[in-house]
Amino acid sequence: MSLVRRLARAREAGILVMLVLFSLVVGLIEPRFLSGETVRIVLLAIPLIMVAAMGEMMVLLARHVDLSIGSILGFSAIAAGMVFRDHPEWPLFIGFAVAILSGAALGFVNGLIVTLFRLPSIIVTLGTLSLYRGLLFILSGSKQIDPNDIPEPIIRMAQTSPFGIPWIVIIAFAVALATWLFLTFTQVGRQIYAIGSNPGAAPLRGIRVVPVTILVFTLSGALAGLAGIIYAARFGYVNPGITGVGFEFTVIAAVVIGGVSINGGIGSVAGTMLGVLFLGAVQVALPILGVSGFWQNAIYGGIILIALVIDRTVRAGGIRGLLARGTA
Amino acid sequence: MLRNKWMLVAALGASLLTGAAYAADPVKIVYIPKNTGNPYFDSIIKGFEDGCKKLGCEFTTVAPATAEATSQIPFLTAQLQRGVDVVAISPNSPDALNQVFDRARSKGTIILSVNSDMPGNEDHRDAAILPVDFTKTGPSQVELLGSQIGYEGDIAILSATTDAPDQNVWIAAMKDTLEKDPKYAKMKLVTIAYGDDDPQKSTTEAEALLANYPNLRGIISPTTVGVAAAAQVVETAKKADKVKVVGLGTPNQMRRFIENGTVDAFQLWSPYNEGLLAAYFAVGVKNGTIKNEAGTVVEVPELGKVTIGDKSVLKTQADLTTFDKKNIGDFNF
Amino acid sequence: MSASEQRQGVNQAGRESAAAKPRWKILLVRPESVTFVLLILATIVASHLSPFFADLGFILESSTYYIEFAIVALVLTLVIIAGEIDLSPAAMMALTACIFGTVLKAGAPVPLAMAASLVSGLALGAFNGFFVTVLRLPSIIVTIGTLILYRGLAQVLAGDKSIGSFPSWFVGIDYRMVGIVPVPVIIFVLASIALGLFLGITIYGRQIYQIGTSEMAAIHAGIRVRRIKMGLFLASGLVSSIAGLMTASRLGSVRYDLASGGELTMVLIVMLGGTYIFGGRGSILGTFLATWLLVIIATGMTVANIAINAQLTVMGLLLIVSIVATNWIYARSQR
């Protein structure tokens, strides 16, 4: 336990150093990057990723992957948007509930298929990625939810709150805090780590792997659903063909760069938050540096691979260990 | 050689199945938009539907899920197999569909490029239906922004992708206008940003514009995704008084910003009329009442007379429509 | 539908016990026969859905849109039997095709540009293989990373532009016919036979199965596991660049978004063909049949004007149902 914790700490420190170095380098090239305005932009850009990343992190901790969160986000955003559009007289929380519950339901289905048939989650969620996108097209009748149909208070969530910081930022950090409390102080939370560290041994320790795994996928779906509301707030409209497409890769990149191991069992909320922050900083730095948006995907892919190698190196006990085992 | 023979056999087979197409049969038109779920193309579809109701043609529409270069091809082939007479399409690529178009035309199917043309590949389609005189888009947008900022100050452009053909033509015209017309001498174009028609990227790019250029007075965004993102960013940053946003957008997408005062005015044309004109043109050409050559006049009751231009290009209207607080209530698309 | 196919599969698989069975029995009692039955069913359904469907020339023409993925799926079948996976071939197709277009545009002759594309395909495959065999990272996540990276590099290389104007002899491979059969289909059939023989009768084929069944046992049996896996990833890169060139020829132009989402189609074909997702079982015959099943389903739905909404839904469902079914059959037969 203490070793895992120390590893996690070291990783968090590493990401923090990377983040600071990155900001300094960008700041050297383009001093405008180091301004309060940039902080504001980054803070506005990250809630969407952060909320979904907390869910994906838990999935990864349990040694699974959820590729369908982009489609779930789209589905939930459309479902909530339709409630807002077709029933403007209903209280707003119903829209929230619809988004979170529909996300949870789709996540539950993922978890059910993965555990019931013991299938690799990556293939199952590759299938549901397409399936859920198809369903959301059917649900929406291929119609966009226009800015007019998103209630004013929802859009204001991305702009203000009584505390001066936009609501979506507060929600994102609240979700992170809740995830941390859940993983640290509940038995189920700790069991997620145990399952990921050693799925075979988990049942021997009295952990009911199936329900916990299903719960993890359900939570991931619910958080993707909440991210759907944040999407509607930040961008002001929801399009069935655009909303959430490719989002899974951004989130996975954020989570693995945050030091969450793809092999399960290792990772922390703090690390994931730093990973999200790093990705947010990259996203904002590109246009400020005047780098073409075409680079964005290549950079995300590169980041994932580098994070994988770092992960492997740490596990093998440094580069020497990696090479020793690698050539064995 | 062999290929032609098989086409003949296929064509024969198709006509046998459909019960031999003779002149009295209604003209079958299919429209393939770039992708499904895009409200802009829904208006074009509405135009087609209304046109076909009046003309008695058979209209269907099918669309791929993504606007990727090849996604329309299977749909196109399937429609040809179904024996449609006219394929109207908003092509996702200026050249990737050439081979399929050629084969369709050799079977007598009419190919119309709707809403955008295929620059450099015009001889692979029969005609193009464009919404407006594209040479006017650039100057018109510059004037709209200029009138809002007193023809003075730093301005920026937020476009789609760096290689978007239509946008690049308009941007070149904007630059030209700003340089040559003394009226705009005090307006300075500081940068062109590209949001790739992606809401997230467009938003980040628009935010970067505000951060990078504190003296910015206006943003021109000649793309529907970009202009909505720019308006949203300006509203969020509470800079609507300082930075004016203009561009090309659809009324439904922009209504909120017009009504709450974030945006004073934006422009577009009528996608509905494109569908309408395309339907009249297609039926006329198929029935032989319209000759598809430069100078021919096509008459559409709701639109008036449209003259076929060079390279078989038809434009539904000459000038852009400006939408503002006064008239936005009249439009729903 | 799925219930009956599963029951049928179980009955067949129930009789199958271990590997030591006469060859005819191994060939007959396998999930491939489910695929075959489905293929016939799908053809009947599609013919009823639309009167325009039952036209061999049309089906063959439409098949060329999926054949490019299917050729890659043949190699992917070997990769999955060996217990690995490669999710990056569609991105490799795009990147290698864009390399072809860029080199050609720079003034090089077509053969040189093709060579550049093939070599880069090998290099991309080697890059995947390096992560998997040398750094020993799980291929499933490595190739998710390279999927994004390769597609991103294609975007960096070609931007949003369409690179075209290829010489006319290079364009239109799908319109070159042998009889009524387009050339890509011929290539696919030949590749299926070659890889089927490779997997079925060569020692390497048997070793691939052994690696997938138990990597530990394979190592102890003296099989050069890492070398074979590296070879498979190289083959995957190479075949992706071939498929990319075929797409470039069919379209007469290339763009960074070529074949996007193709990884789903490829995995779907392999899974529909009854290859076991955890390795050790599967066949080229299954992948071959599954290709035609997919062609029939996709073409049938498109020509019947079934909206893309329903198509996405069906494809997603098919993938899940097919792995669930295959998994179930094999799980039963292992007892």
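Conventions we followed
- Residues numbered from 1 in each chain as written.
- Chains lettered and ligands numbered in written order.
- Predicted model: local features only at pLDDT ≥ 70, side-chain atom pairs only at ≥ 80, totals over all residues.
- Heavy atoms only, no water.
- Helix = DSSP H or I, 4+ residues; strand = E, 2+ residues; numbered from the N terminus.
- Rg over C-alpha atoms; globule rule 2.2 N^0.38 Å.
- Buried < 20%, exposed > 50% of the residue type's maximum accessible area, 1.4 Å probe, protein only.
- Contact = heavy atoms within 4.5 Å.
- Areas by Shrake-Rupley, 256 points an atom, 1.4 Å probe, with all protein chains shown as cover.
- Lys, Arg positive; Asp, Glu negative; His and termini not counted.
- Charge placed at Lys NZ, Arg CZ, Asp CG, Glu CD.
- Buried area = accessible area lost by both parts, 1.4 Å probe.
- Salt bridge = Lys/Arg side-chain N within 4 Å of Asp/Glu carboxyl O.
- Polar contact = N/O pair within 3.5 Å; in protein donor to acceptor, adjacent residues only side chain to side chain.
- Pairing = 2+ DSSP bridges.
- Axes fitted to C-alpha atoms, helices over the stretch in contact; angles between N-to-C directions.
- Right-handed = clockwise from strand over helix to strand, strands pointing away.
- Phe/Tyr/Trp six-rings, centres within 6.5 Å; stacked < 30°, edge-to-face > 60°.
- Expected span 1.5 Å × (residues − 1).
- Disulfide = S-S within 2.5 Å.

A.B. asks: Can you help me understand the overall build of chain C in this one?
C.D. replies: Regarding its fold elements, chain C presents 14 helices and two strands. The C-alpha radius of gyration of chain C comes to 20 Å, within 12% of the 20 Å expected for a compact globule of 335 residues. Put simply, chain C has 335 residues, and 62% of those count as buried. Sequence-distant contacts, at least 24 apart, represent 79% of the contacts inside chain C between residues at least 6 apart. On chain C, roughly 12100 Å² of surface is accessible, and the fraction owed to carbon and sulfur atoms is 69%. A distance of 11 Å separates the average location of the 21 positive side-chain charges in chain C from that of its 13 negative side-chain charges.

A.B. asks: Just checking my understanding: could you explain the interface of chain A and chain C for this structure?
C.D. replies: Many analyses report the size of an interface as the accessible area lost when the parts associate. If you look at the interface, chain A gives 40 residues, while chain C gives 41 residues. Three residues, Ile123, Phe294 and Leu305 of chain A, lead the burial of chain A against chain C; their summed loss comes to 18% of the area buried on that side. Put simply, chain A and chain C have zero salt bridges between them. Taken together, the connections running from chain A to chain C amount to three residue pairs in polar contact (both at pLDDT 80 or more).

A.B. asks: Got a minute to help me understand the sheet that holds strand β7 (residues 187-194) of chain B in this structure?
C.D. replies: Sheet strands line up and pair through hydrogen bonds in the backbone, either parallel or antiparallel. Residue and element names in this part refer to chain B. Here four strands make up an open sheet; going across it, the order is β7-β6-β8-β9 and the pairing parallel. Edge positions in the open sheet fall to β7 and β9 (244-247), since each of these has one partner strand only. Taking each pair of neighbouring strands and ignoring which way they run, the sheet shows an average axis angle of 25°. Pairing analysis gives four bridges linking strand β6 (residues 153-159) to strand β8 (residues 216-221), with the strands arranged parallel.

A.B. asks: Teacher, can you tell me more about the pairing of β9 of chain B here?
C.D. replies: Residue and element names in this part refer to chain B. Side chains Lys244 and Val246 of β9 all project onto a buried face; the interleaved residues Val245 and Gly247 project onto the opposite face, where all are buried too. Pairing of β8 with β9, which is carried by four bridges, proceeds in the parallel orientation. Paired with Gly218 across the two strands is Lys244, which belongs to β9. Between the parallel elements β8 and β9, the chain passes through helix α8 (residues 224-236) in a crossover that is right-handed.

A.B. asks: Mind showing me how you'd approach the packing of aromatic side chains here?
C.D. replies: Two aromatic rings, taken as a pair, are described by how far apart their centres are and by the angle between their planes. Here the structure, examined in full by the defined rule, presents 27 aromatic pairs over all chains. Note on Phe134 of chain B and Trp170 of chain B: the rings are 5.2 Å apart at their centroids and 90° apart in plane angle, and the pair reads as edge-to-face. Of this pair, Phe134 of chain B sits in helix α5 (residues 134-149) while Trp170 of chain B is found in helix α6 (residues 165-180), placing the two residues 36 residues apart along the sequence. A relative accessible area of 14% places Phe134 of chain B in the buried class. Overall, the relative accessible area of 4% leaves Trp170 of chain B in the buried class. Ring plane angle 75° and centroid distance 5.6 Å describe the contact between Tyr276 of chain C and Phe278 of chain C, whose orientation is recorded as edge-to-face. We classify Phe278 of chain C as partly exposed; its relative accessible area is 38%. Among the aromatic residues, ring-to-ring pairing joins Phe266, Phe323, Phe331 and Phe333 of chain B into one connected group.

A.B. asks: Is there a simple way to explain helix α10 (residues 271-287) of chain B in this structure?
C.D. replies: What sets the pattern is the α-helix's 3.6 residues per turn: residues three or four places apart point alike. The terminal C-alpha atoms of α10 of chain B lie 25 Å apart, and with 17 residues this matches the ideal 24 Å at 1.5 Å per residue to within 8%. Gly288 of chain B lies just past α10 of chain B and shows a positive phi near 85°.

A.B. asks: Sorry, what's going on with the state of the cysteines here?
C.D. replies: Two cysteines whose sulfur atoms are joined by a covalent bond form what is called a disulfide. Residue and element names in this part refer to chain B. Following the criterion strictly, the structure yields one disulfide over all chains and no others. There is a disulfide in this structure between Cys52 and Cys57, and the S-S distance comes to 2.2 Å. Looking down the S-S bond of the Cys52 and Cys57 bridge, the torsion is -105°, so its handedness is left-handed. Take Cys52 and Cys57: they sit in the same class, and that class is buried.

A.B. asks: Help me out: how do you make sense of the interface of chain B and chain A in this one?
C.D. replies: In this assembly, 33 residues from chain B lie in contact with 35 residues from chain A. Summed over both sides, the interface between chain B and chain A buries roughly 3100 Å², with carbon and sulfur atoms accounting for 51% of that surface. The tally of links from chain B across to chain A stands at three salt bridges. Of the charged contacts, one joins Glu207 of chain B and Arg234 of chain A as a salt bridge, the two residues approaching to 3.4 Å between their closest N and O atoms. Put simply, chain B and chain A have eleven residue pairs in polar contact (both at pLDDT 80 or more) between them.

A.B. asks: Would you mind showing me how to read the side chain of Arg151 of chain C here?
C.D. replies: Its location among the elements puts Arg151 of chain C in helix α7 (residues 139-158). Here Arg151 of chain C sits buried without a salt bridge, and the closest side chain of opposite charge, Glu263 of chain C, lies 4.8 Å off (N-O distance).

A.B. asks: In this structure, what is going on with the environment of Leu87 of chain C? I would like to understand it.
C.D. replies: The topology assignment puts Leu87 of chain C in the loop between α4 (56-81) and α5 (89-105). According to the relative accessible area criterion, Leu87 of chain C is buried, its value standing at 2%. In this view, Leu87 of chain C contacts Ile122 and Leu126 of chain A together with Ile140, Thr143, Ile144, Leu147, Glu263 and Val267 of chain C; residues no more than four positions away in its chain are not counted.

A.B. asks: Looking at this model, I keep getting lost on helix α11 (residues 225-251) of chain C. Mind explaining?
C.D. replies: All names here are of chain C. The terminal C-alpha atoms of α11, which comprises 27 residues, lie 39 Å apart, in line with the 39 Å expected from a rise of 1.5 Å per residue. Within α11, 19 of the 27 residues are buried, which leaves the element mostly enclosed by the surrounding structure. The positive-phi residue at the C-terminal boundary of α11 is Gly252, with phi of around 75°.

A.B. asks: Before we go on, may I ask you to explain the pattern of salt bridges in this structure?
C.D. replies: A complete count under the given rule lists 25 salt bridges over all chains for this structure. The shortest N-O distance in the salt bridge between Arg103 of chain B and Glu61 of chain C comes to 2.6 Å. In this pair, Arg103 of chain B sits in helix α4 (residues 98-106) while Glu61 of chain C sits in helix α4, so the two residues belong to two different chains. What makes Arg103 of chain B buried here is its relative accessible area of 10%.

A.B. asks: Just checking my understanding: could you explain the sheet that holds strand β3 (residues 86-89) of chain B for this structure?
C.D. replies: Residues and elements named next belong to chain B. In spatial order, the strands read β2-β1-β3-β4-β5-β13; together these six strands make up an open sheet with parallel pairing. Each having just a single partner strand, β2 (58-61) and β13 (313-317) make up the two edges of the open sheet. The average undirected angle you get between the axes of adjacent strands in this sheet is 20°. Bridge count for strand β1 (residues 28-32) against β3 is four bridges, and the pairing is parallel. Opposite Val30, over in β3, you have Val87 as the bridge partner.

A.B. asks: Please explain the side chain of Asn327 of chain B as it appears in this structure.
C.D. replies: Looking at the secondary structure, you find Asn327 of chain B in the segment after β14 (321-324). A polar side-chain atom of Asn327 of chain B sits 2.9 Å from the main-chain carbonyl oxygen of Thr322 of chain B.

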